[in-house]
Amino acid sequence: RALSMFLLCSDGFWHVVSKEELCAGLSPGRLKEEADMQRALEELTGLIQKRKEQDDSSAVLIRSEAPVT
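Keep in mind the model is a prediction, meaning the values are calculated, not measured.

Caption draft 1: Focus on the overall build of the protein chain. When helices and strands are tallied, the protein chain shows three helices and two strands. Along the longest, intermediate and shortest principal axes, the C-alpha atoms of the protein chain span 45 × 20 × 20 Å. The burial tally for the protein chain puts 23% of its 69 residues in the buried class. The contacts of the protein chain with a sequence gap of at least 6 include a subset with a gap of at least 24, amounting to 76%. Of the roughly 4900 Å² of accessible surface on the protein chain, a fraction of 52% belongs to carbon and sulfur atoms. Charged side chains in the protein chain number 9 positive and 12 negative. The centres of these two groups are separated by 6 Å.

Here is the structure:
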């Protein structure tokens, strides 16, 4: 199966997080269950708060599995 992750987020979510941090934290191979996805978003949200982002932040993470043909 081919796995893909889609992140829909506000600009306040990614302002203080690098692309590398997002990709590492939201790797499809690492996030096998819904609980893993929730935990990853919570970890990134904690990082955003720690870095004192002033803008509102919100995010939705979608995992897609497609059969390889």
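Caption draft 2: Representation of a nonpolar patch on the surface within the structure. A cluster of nonpolar side chains, namely Phe6, Leu8, Val60 and Ile62, defines an oily patch on the protein surface of about 360 Å² accessible area. Note that Leu8 resides in strand β1 (residues 2–9).

Caption draft 3: How the structure looks around the pattern of salt bridges. Per the counting criterion, the structure on display carries four salt bridges. Between Arg39 and Asp36 there is a salt bridge, and its shortest N-O distance comes to 2.8 Å. Here Arg39 and its partner Asp36 are both found in helix α3 (residues 34–50), three residues apart, which amounts to about one turn of the helix. On the basis of relative accessibility, which here comes to 43%, the residue Arg39 falls in the partly exposed class. With a closest N to O distance of 3.2 Å, Arg63 and Glu65 form a salt bridge. The exposure class of Glu65 is partly exposed, given its relative accessible area of 42%.

Caption draft 4: Main features of the nonpolar core. With twelve residues, the main nonpolar core is built from Met5, Phe13, Val17, Leu22, Leu26, Leu31, Met37, Ala40, Leu41, Leu44, Ile48 and Leu61. Per element, the largest residue contribution to this core is five residues, and it comes from α3. Apart from residues lying up to four places away in sequence, Leu61 is in contact with Met5, Phe6, Leu7, Leu26, Leu31, Met37 and Leu41.

The rules behind the values
Residues numbered from 1 in each chain as written. Predicted model: local features only at pLDDT ≥ 70, side-chain atom pairs only at ≥ 80, totals over all residues. Heavy atoms only, no water. Helix = DSSP H or I, 4+ residues; strand = E, 2+ residues; numbered from the N terminus. Buried < 20%, exposed > 50% of the residue type's maximum accessible area, 1.4 Å probe, protein only. Contact = heavy atoms within 4.5 Å. Areas by Shrake-Rupley, 256 points an atom, 1.4 Å probe, with all protein chains shown as cover. Lys, Arg positive; Asp, Glu negative; His and termini not counted. Charge placed at Lys NZ, Arg CZ, Asp CG, Glu CD. Patch = residues over 30% accessible without salt bridge, like charges linked within 9 Å, V, L, I, M, F, W, Y side chains within 5 Å. Salt bridge = Lys/Arg side-chain N within 4 Å of Asp/Glu carboxyl O. Core = buried A, V, L, I, M, F, W, Y, C linked by side-chain atoms within 4.5 Å.

Any functional reading would require information beyond the geometric quantities listed.
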